[in-house]
Every structure is written in C-alpha cells, then in structure tokens.
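If you want the building blocks of each chain, they are given just below.
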Amino acid sequence: MIPYGRQDIRDEDIEAVIDCLRSDWLTQGPLLPRFEEAVAAYCGARHAVAVNSGTAALHVACLALGLGPGDWLWTSPLTFVASANCALYCGARVDFVDIEPESGLMSVARLAEKLATAERSGSLPKIVVPVHFAGASCDMAAIHELAQRYGFRILEDAAHALGGRYRGEAVGCCRYSDVTIFSFHPVKLITTGEGGMAVTNDAELARKMALLRSHGITREPAEMAETPEGPWYYQQVMLGFNYRLTDIQAALGLSQLGRLDEYVARRTALAERYAALLADLPIALPVCPEWAVSAWHLYLIRVAPARRRELFETLRAAGIGAQVHYIPVHRHPYYQALGFRAGDFPNAEAFYAGALSLPLFPMLSEAEQDRIIAVLQENLA
Ligand SMILES: *Cc1c(COP(=O)(O)O)cnc(C)c1O
C-alpha cells in the first residue's frame, strides 16, 4: 500500500539516535536545547519549547496565554480535533469559524463578522487558532489586524506548515501571532516519532511553557518563592505536566531538520506534477493563496461527493492509501454533545464531503505517482 504520508529515515538519522543512546543523556540533555535553537533559528523566532506532541504544544500554549474557565477559543472546523481539544483541556469553551470554500483556510470575513456579533454579546474569544491547512498559511496579517481591534491572542496551528512561508517570511516567525506550534508526528514535515514544539518571540510565554512542560518545577532561584535551601533545591511553582521530549527524539529531529528544505522542495515538485497531470479531470485541485508558499503537507483534491466513497475504495483496492482530511470537528459525537449540529459550518461540511488526500511524501516516486494518476484517470475521465 502506498500510504498518504510517510516518514523518511536515513542512516544519518539512525546514527544520530544511536550516538544519543550511547551518551550520558536520554532526556533533557544537550540535544534538546540544540533542537529548540535550530527550529527557532529556522523560523526566525526568538524562543522555542520542545514538547512530546503537537497536542501538548497547543495545551501549554493555551495555558501560558491564560486560557481558563469562562474563556472562549475559536478555531477552524476543518482540522484535526487537537486544535479544538486544547481549549477543553483548559476548561474553556470552543467555537468555530467557517472556512473559505476553495482553500480550506479559516475565512477572515467570517471571523470579522463573528467577532462583531461576539462583541455585542460580550463573548469575544481570548484565543483564535488559525490552522495552516495542508501546509498553506492563513492570512495572518489580516487576522492580526482583527486581534488588535478585538483584543484576542493568536496561536497558529502550523502542524502542517513547518517549512512553509507567509509573505516572504517563514511560518513560525510569529510576526503576527503570540505562539506557533508544530507537530513531529511521522506523517508531518519532519518527525521525532511523536513530538511537537511551540515557538514565540515572547520570553515570558516561553518561560511559562517550559515550566508547564515539566511539572511546573523550576531550579532557577530567581523563579522561586523564597531563597533556595541549598544547591539541591527545586520548587513547583505552577501545576505542570510531563510533556518532555527526550534527547533521543531531539537527536532524530535535529538530523531530520537538516533535510527540511529538501523535503519541501520535493513535496512541491510532486504537487506541481499532480496539478499538471490531473488538470483535465473533473476535480478541484488544491488552491494556495497568493500570500503563501505551501509546505505541501497534504495534496488534497475534491471530487463530486456522490463519487468520493467509490473512488476512495477503488484507490485502496489498487494499493493506494488515499485518506480524508478532515471530518469537521463539530460533527464528532463528543462535539455534538456540546451542542454543535450538522449545518453549523456549511463550507467545512461541503469541503469534507468531496475531500480526498492523495499520497504525498518526499520518497514517493514518480512511477508510484503515475500509478495513482492512472487510477484517477481510469475512473474519472
Ligand atoms: C497532527 C496535528 C496536530 C497534533 O499533533 P500531534 O503531534 O499528533 O499531537 C494538531 N493540529 C493539526 C492540524 C494536526 O494535523
């Protein structure tokens, strides 16, 4: 089966991990800050805090931004559930802003409308989480302008977009946001097995996220409530978690990061090849807004909803692991129990109804891609 996404592990990655296993440190050793500094430098952000998943990064970012009971977090309905669950972990409430029908990105026009309504009813969000769907950045300058006007914080979910760009700058530079998070799950742009990172230009947010990652415990005398009793002293100053990324994972991440640009270039070339060879079929090809250079996490076409299931099954029967991104978050039973209903976010629901993600990963060969294209041509032309 050709999967829809797959990691690329090379000998140099394996050697980096073995070197770590032979070293003195398996967790929170010297490789962790090196990996953090390398990702921060890549993005052009000042600080980075590595954690053990993208989900954990969303959670510590929300807590550091002060999200709690009584607060609202708004995100896109067309995303992985983690973008919304992070609010519920903090005891806050979630709502969604519908997408642009072609790009799948949060609609800034809908956001503006919804903010105006929320202002009248006194229910403005504390945090808005734009999701850089499939690898293309949302219109961050426009969202930032709304944040200035309505006073919310911005947490970019860039799980799909490490290596992507927005108006000439790397996604993660946080020019228009408070925090940006990445995921290093094996299908994402680079992998550490499981893993994630939060980047920010705000030293205080970085300090809080680093505390939350490790039980809320500090060894810095300056952060303690009173003078340390001795050199062994540490204090728990807030309620944190064990969300630490291991040095073993940081070794893999550092090694992978060295090939990120190569990966994005390969994904882009394959995406262009799909676009050229699928152009005549009755399907909608992915749309990347003019402000973004996509990292091409996903290659997502849209077909007639009535034919999606059959096509999905035909591809699977041919050994092609197509996938569907995403069941809109508000359609899951857990969210229905919170009061959301079918029809609440019609653009996301319509997008989902025809969505089909084709295999796209750096080691996908052109011969494999030709096989995928041939099956689509046989069934759609
Ligand atoms: C993968 C993903 C996450 C969560 O990342 P994990 O590392 O799997 O916890 C969050 N948001 C989006 C959009 C994702 O695709």
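Located above this text is the structure these notes cover.
Reading the values: rules and limits
- Residues numbered from 1 in each chain as written.
- Predicted model: local features only at pLDDT ≥ 70, side-chain atom pairs only at ≥ 80, totals over all residues.
- Heavy atoms only, no water.
- Phe/Tyr/Trp six-rings, centres within 6.5 Å; stacked < 30°, edge-to-face > 60°.
- Lys NZ or Arg CZ within 6 Å of the ring centre and 35° of its normal.
- Pairing = 2+ DSSP bridges.
- Helix = DSSP H or I, 4+ residues; strand = E, 2+ residues; numbered from the N terminus.
- Axes fitted to C-alpha atoms, helices over the stretch in contact; angles between N-to-C directions.
- Contact = heavy atoms within 4.5 Å.
- Near = heavy atom within 4 Å.
- Polar contact = N/O pair within 3.5 Å; in protein donor to acceptor, adjacent residues only side chain to side chain.
- Areas by Shrake-Rupley, 256 points an atom, 1.4 Å probe, with all protein chains shown as cover.
- Nonpolar A, V, L, I, M, F, W, Y, C, P; charged D, E, K, R; others polar.
- Core = buried A, V, L, I, M, F, W, Y, C linked by side-chain atoms within 4.5 Å.
- Buried < 20%, exposed > 50% of the residue type's maximum accessible area, 1.4 Å probe, protein only.
- Arc of directions from axis to C-beta.
- Salt bridge = Lys/Arg side-chain N within 4 Å of Asp/Glu carboxyl O.

## Some words on the packing of aromatic side chains
Scanning the entire structure with this criterion turns up 14 aromatic pairs. Measuring from ring centre to ring centre gives 4.9 Å for Phe241 and Tyr243, while their planes differ by 10°; the resulting arrangement is stacked. Here Tyr335 and Phe340 contribute two aromatic rings whose centre-to-centre distance is 6.3 Å and whose plane-to-plane angle is 45°, an arrangement assigned as tilted. A cation over an aromatic ring shows up here: Lys114 above the ring of Trp74, its NZ or CZ 5.4 Å from the ring centre.

## Quick notes on the sheet that holds strand β9 (residues 196-200)
Read across the sheet, seven strands follow the order β1-β9-β8-β5-β4-β2-β3 without closing on themselves; strand pairing throughout is mixed. Every interior strand has two partners, whereas the edge strands, β1 (47-51) and β3 (93-96), have only one. With strand direction ignored, the average angle separating the axes of adjacent strands in the sheet is 20°. In the sheet, strand β5 (residues 153-157) pairs with strand β8 (residues 179-183) via three bridges, with the strands oriented parallel. Bridge pairing in β8 links Leu155 to Val179. Across the face of the sheet, helix α2 (residues 31-43) comes into contact with β1, β8 and β9 while running at roughly 130° to β1.

## Quick look at the site of the ligand
Lining the immediate environment of the ligand, one finds 14 residues, of which Thr55, Asp157, His160, Ser183 and Lys188 sit closest. His160 places a side-chain nitrogen or oxygen 2.7 Å from an oxygen atom of the ligand. One of the side-chain N or O atoms of Ser183 is found 2.7 Å from an oxygen atom in the ligand. Summarising the interface, the protein chains cover 93% of the accessible area of the ligand, which totals 380 Å² for the free molecule. Considering only residue class, the shell around the ligand consists of four nonpolar, eight polar and two charged.

## With respect to the sheet that holds strand β6 (residues 165-166)
Within a sheet, each strand pairs with its neighbour through backbone hydrogen bonds, oriented either parallel or antiparallel. Read from one edge to the other, the open sheet built from three strands follows the order β7-β6-β12, with strand pairing classed as antiparallel. A strand with exactly one partner marks an edge of an open sheet, and here the two such strands are β7 (169-170) and β12 (292-293). Across two bridges, β6 lies against β12 in antiparallel orientation. Within β12, the residue paired with Arg165 across the bridge is Val293.

## Description of the nonpolar core
Leu111, Phe152 and Leu155 are the most contacted members of the largest nonpolar core, which totals 67 residues. Looking at this core, the element that brings in the most residues is helix α3 (residues 54-64), giving seven residues. Beyond its immediate sequence surroundings of up to four residues, Leu111 is in contact with Trp74, Val97, Met106, Val128, Ile143 and Leu146. Leu31, Phe35, Val171 and Leu257 belong to the second-largest nonpolar core, a separate cluster that totals 30 residues.

## Concerning the environment of Val264
For Val264, the location among the structural elements is in helix α9 (residues 260-277). Residues Val264 and Gly66, 198 residues apart in the sequence, show an inter-C-alpha distance of 34 Å. Excluding its chain neighbours within four sequence positions, the residues that come into contact with Val264 are Leu162, Gly163, Leu189, Ser294 and Ala295.

## Examining helix α6 (residues 140-150)
Listed as buried for α6 are Met140, Ala142, Ile143, Leu146, Ala147 and Tyr150. Along the axis of α6, the buried residues cluster in a sector spanning 160°; they form a single face. Exposed and oriented more than 90 degrees from the buried face of α6 are Glu145, Gln148 and Arg149. Against the buried residues of α6 lie α5 (108-121), β5 and β6. Positive backbone phi, approximately 80°, marks Gly151, located one or two places after α6.

## Some details on unusual backbone geometry
For the bond running from His325 to Tyr326, omega is -10°, close enough to zero to count as cis. Tracing the chain through its elements places Tyr326 in the loop between α10 (305-317) and α11 (333-336). A positive phi angle, near 70°, is found at Ala134, a position not held by glycine. Within the element layout of this structure, Ala134 appears in the loop between β4 (127-129) and α6. On the basis of relative accessible area, Ala134 is assigned to the buried category, the value being 13%. Positive phi values are uncommon outside glycine, yet Trp296 reaches one of about 55°. Within the fold, Trp296 resides in the loop between β12 and β13 (299-302).

## Remarks on the pattern of salt bridges
This structure, assessed with the given rule, holds 20 salt bridges. We note a salt bridge from Arg213 to Glu36, for which the minimum N-O separation is 2.8 Å. In this pair, Arg213 is assigned in helix α7 (residues 203-213) and Glu36 in helix α2, connecting sequence segments 177 residues apart. For Arg213, a relative accessible area of 9% gives the class buried.

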